[in-house]
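# Descriptive structure summary
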Amino acid sequence: MNWEEFWNKVVSFFQDNVWNIVKFFSILIIGWILIWIIMGSLRRIFRYRKMDEVAAKFILAIIRFFLFLTLVLVLLAIVGVPISGITTSLSAAILAIGVALKEFLSNVASGLILVGSKKYKTGDYIIVAGVEGSIIDINFLFTSLKTPDSKLVTLPNSTMTGSPVTNLGAFPLRRVSFNFGVAYESDTALVAKVVTDVMKSNGKIYLDPMPSCRLKELNESSISFFATCWCDKEDYWDVYYYVMEHVFDEFKRNHIVIPYKQIELRERKDNVVMSPASSLPHRVEKVREASRRKLTYEELEGMSLKDIAREMKLEAERKENERKEKGSKKTSKKGSKKNPEKTKEE
């Protein structure tokens, strides 16, 4: 093929497909403009909603990818390329990637939920899956905690969204709770006063709501008091240790005893007298249903003389018991009839 033939084929191609070419470039330009408008609108929406910057960039990148993928498939269909095979291959590839990266995608989705919902922020003290600490970082895969003894714990985001999470730093105020055990002979009013005075002496503790101390339980070796006060969340541990230390000193100053675990033993000096029970009662044979039925001729033939004598004895006892019951009933009826109403005779 010489140059002239090639040029003629190119010219004829453009002449035959001029409208398809115009449509191709028109959709390319319009699609590009639409993608630009959509992405700009989403950026403004995310900025207005004050979404986290990392989360916004991640979501925008995913949306941009799928928009351009859709535009490319539409352009290929205009050119005449069959896209059914392409879409099938893409679906199979996405499915394979999803199965292979199941845990990864689960953590990414959980990271999007955590970052987008803003349930937790840096500095919050949380307890999750048996681990507790302050949040120092949340990304799309992991959440990093700093424990009270300065250890770094990294949790998958799927654990954060799939387990109960206790957020101790969600609110500006925290309640500090105490349990104090004292001896039974202690003055309960004095114990409550000493504990509340200690809590009121610390300026980090709020006076509204007022600190309180009440008797809670009567234990085996002590009585237990339950005390509460409120403080700012960052002052929790300072308040806790302050109250524990000073309550101990005030208990000693006011002669309030904190007992050790103890068992009280008493010596019994009286003589234990065991009263004997009476003798065994006389056996009274129960009248059973089987003894009341009439024996057939066939049953009598199969019984021995001893069995027949026993059956006759049971039948006689049954009749005697019935007679006694009827007699007792008649006696009770006669007694009720012989009790006429008294008349007034003055």
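These remarks concern the structure in this document. (Residues numbered from 1 in each chain as written. Predicted model: local features only at pLDDT ≥ 70, side-chain atom pairs only at ≥ 80, totals over all residues. Heavy atoms only, no water.)

## Some points on the sheet that holds strand E2 (residues 131-138)
Taken in spatial order, the five strands line up as E4-E3-E2-E1-E5 in an open sheet, and their pairing is antiparallel. One side of each edge strand has no neighbouring strand; the edge strands of this open sheet are strand E4 (152-156) and strand E5 (165-167). Each adjacent strand pair in this sheet contributes to an overall mean axis angle of 40°, direction not counted. Pairing of E2 with strand E3 (residues 142-146), which is carried by four bridges, proceeds in the antiparallel orientation. Following the sheet pairing, Ile138 is matched in E3 by Thr143. (Pairing = 2+ DSSP bridges. Helix = DSSP H or I, 4+ residues; strand = E, 2+ residues; numbered from the N terminus. Axes fitted to C-alpha atoms, helices over the stretch in contact; angles between N-to-C directions.)

## Points about the pattern of salt bridges
Per the stated rule, a full pass over the model turns up five salt bridges. Here Asp197 ties to Lys193 by a salt bridge, and the two come within 2.8 Å at their closest N and O atoms. Taken together, the positions of Asp197 and Lys193, both in helix H7 (residues 188-200) and four residues apart, correspond to about one turn of that helix. For Asp197, a relative accessible area of 34% gives the class partly exposed. Residue Lys204 is joined to Asp238 by a salt bridge in which the shortest nitrogen-to-oxygen separation is 3.3 Å. Taken together, the residues Lys204 in the loop between H7 and strand E7 (212-218) and Asp238 in helix H8 (residues 236-253) connect sequence positions 34 residues apart. We classify Lys204 as partly exposed; its relative accessible area is 37%. (Salt bridge = Lys/Arg side-chain N within 4 Å of Asp/Glu carboxyl O. Buried < 20%, exposed > 50% of the residue type's maximum accessible area, 1.4 Å probe, protein only.)

## Considerations on the packing of aromatic side chains
This model, assessed by the stated rule, comprises nine aromatic pairs. With 5.9 Å between their ring centres and 15° between their planes, Phe178 and Phe180 make a pair best called stacked. Residue Phe178 is classed as buried on the basis of its relative accessible area of 2%. Ring geometry for Phe180 versus Phe251: centroids 6.1 Å apart, planes at 75°, classification edge-to-face. Linking Phe180 in strand E6 (residues 173-182) with Phe251 in helix H8, this pair joins segments that are 71 residues apart in sequence. For the pair Phe180 and Phe251, one class covers both residues: buried. Among the aromatic side chains, those forming a connected cluster through ring pairs are Phe178, Phe180, Tyr236, Trp237, Tyr240, Tyr241 and Phe251. Between Arg174 and the ring centre of Tyr236, over which it is positioned, the NZ or CZ distance is 3.8 Å. (Phe/Tyr/Trp six-rings, centres within 6.5 Å; stacked < 30°, edge-to-face > 60°. Lys NZ or Arg CZ within 6 Å of the ring centre and 35° of its normal.)

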